[in-house]
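Residue-level listing of the chains:
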Amino acid sequence: MSISVTASAVTAVRRGPMLAVLLAGQIMASMDGSIVSVAARTIRDDLRAGGAAVQLVVSGYLLTTGVLLVTCARLGDIAGHRRVFLAGLAWFTGASLACGLAPTAGVLVAARVAQAVGAALLAPQVFSLIQLHWDGPARRRAIGMYGMVLALGVALGQVIGGLVVGADLFGLTWRPVFLVNVPIGAVLLVVGPRLLPDSRAGERARLDPLGVAVLTVAMTALTVPLIFGRDQGWPAWSWVSLAGGAALLAAFGRHESRARHPLLDLAALRPAGVKPGLAACWTVMGCYTVFLLVLTLHLQSALGLSPLQAGLAFVPYTVGFGTLSLTWTRYPRRLRDALPVAGPVAFAAGAVLLALLHRHQWNPYAASPLLLLAGAGHAAGYSPLIARIASLVEPRLASAVSALNSTGPMLAGVTAVAGLGSVYFAAPSSADGLLRVVAAVAVLLAAGTACAWPAVRTRQTPAGPTRG
């Protein structure tokens, strides 16, 4: 299947405004995965919601997006990435309004699921459109900004959520957490159709119903126990569900390798370096998710910081991540090639030293440079590597790479939180738990470095990728 792009649309569009629209949509989707966590207690009190309902408000968003991302990425090939992005944006904006106006916890849960559907529709199209309409150094810069938005959206959600809830705008308590998306989405829906070029499948693309069914059940079976199993003490059903999900995921892979119109084109995994490179990216993003969680818990439970103060404590991390994400494309080629290998090492070093500092003595001034180092290492281990992977894969496979890049980090994150979250809560103290989790994160990041090496050694030539 080939992708055709309307030439006049591409030449008429300035890439800067186009990228701004795409990244604005992505950051809304990324932030809403974490922004609600800060408001959870206020939502519970205001709506008199039970613990299960509050958990669904927070986790239902992640569960729904995780299940739908691959299918929605494929819909971009079928209906056009521009059209699906705008449809997802409209859906997400409308669902955000419904969340903000929800009169009961049940309505809020339903609106959050609808919001997640919109996020799953729009998010994969962002990477696909970058892959299709940028190349060379311009693509590396665009992917650097995309990577920054993807990771920082989670941290920014905590900060903005704390600010909004703390300000109690117009006496609406938690509701502006959702309503803030409405004016932003409305503006993007006005300018988006004018700025985004169209792209359609050159041949008639079709959806694979059997692939959709198998993958949906597999992802549900995997994510439900990962999200809810730890809080319930890992009952027997959670292990049965995980085993069944893994078996179904393997069956999905076998089916896709033979399908005439695959939901996920596995040809994207064939170029040398792509599979280990993706594994490295997923590892780094999963480690970031659990590191953010346990450090936030430690800052609040052990040090007594408010949710807003805990979010602001990550500012040095965001500065380090953002600075390297925006500047790595200007580095010499040899240094760019070294970043995916050196980045996870720097991330691990900053995290371990920070955990040791918290174990023995809390010093916010000493913590800032360590967070800066960890953030820069995170960016070095992700942005240059996903840009390299994009250069190794044909543009016609953009949606498959986007699906893998969206779903893999999500699964890695919930797996890391489920497994290492249990390590944190089982520790005798918060500081001990932080150190144990960070030690495990360092081991995982070392494995990420080992996975990054084959992708770094792969060179792109006109005939395709080769080892160099």
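First, a word on scope: everything that follows refers to the structure included in this document. Every value quoted in this text rests on a predicted model; they were computed, and no experiment measured them.

About the criteria used
- Residues numbered from 1 in each chain as written.
- Predicted model: local features only at pLDDT ≥ 70, side-chain atom pairs only at ≥ 80, totals over all residues.
- Heavy atoms only, no water.
- Axes fitted to C-alpha atoms, helices over the stretch in contact; angles between N-to-C directions.
- Helix = DSSP H or I, 4+ residues; strand = E, 2+ residues; numbered from the N terminus.
- Parallel < 35°, antiparallel > 145°, perpendicular 65-115°, else oblique.
- Left-handed = near helix turned anticlockwise from the far one by under 90°.
- Contact = heavy atoms within 4.5 Å.
- Nonpolar A, V, L, I, M, F, W, Y, C, P; charged D, E, K, R; others polar.
- Expected span 1.5 Å × (residues − 1).
- Buried < 20%, exposed > 50% of the residue type's maximum accessible area, 1.4 Å probe, protein only.
- Disulfide = S-S within 2.5 Å.

1. Observations concerning the packing of helix α4 (residues 51–79) against helix α10 (residues 209–228)
Where α4 meets α10, the axes come as close as 9 Å, and the angle between the chain directions of the two elements is 150 degrees. Viewed along their axes, α4 and α10 adopt a mutual orientation that is roughly antiparallel. Here α4 and α10 pass one another in a crossing that is right-handed. Taken together, the residues of α10 that come into contact with α4 (itself represented by Gln55, Leu56, Ser59, Leu62, Leu63, Gly66, Val67, Val70 and Thr71) are Val212, Leu215, Thr216, Met219, Thr220, Thr223, Val224, Ile227 and Phe228. The class makeup of the residues in the contact of α4 with α10 is eleven nonpolar, seven polar and no charged.

2. A word on helix α9 (residues 181–195)
For α9, built from 15 residues, the straight-helix expectation of 21 Å at 1.5 Å per residue is met to within 8% by its first-to-last C-alpha distance of 20 Å. Every buried residue belonging to α9 is among Asn181, Gly185, Leu188 and Gly192, and all of these are buried. Contact partners of the buried residues in α9: α2 (15–31), α5 (81–101), α6 (105–133) and α8 (176–179).

3. Some words on the side chain of Thr407
Along the chain, the position of Thr407 falls in helix α17 (residues 398–426). When sequence neighbours within four positions are dropped, the list of residues in contact with Thr407 reads Gly66, Leu69, Val70 and Met219.

4. With respect to the state of the cysteines
Every disulfide links exactly two cysteines, by a covalent bond between their sulfur atoms. By the definition in use, this model includes zero disulfides. The thiol sulfur of Cys99 is not disulfide-bonded, and the nearest other cysteine sulfur, from Cys72, lies at 17 Å. Of the cysteine sulfurs around Cys287, a residue in no disulfide, the closest is that of Cys451, at 11 Å. Classification of Cys287 as buried rests on a relative accessible area of 2%.

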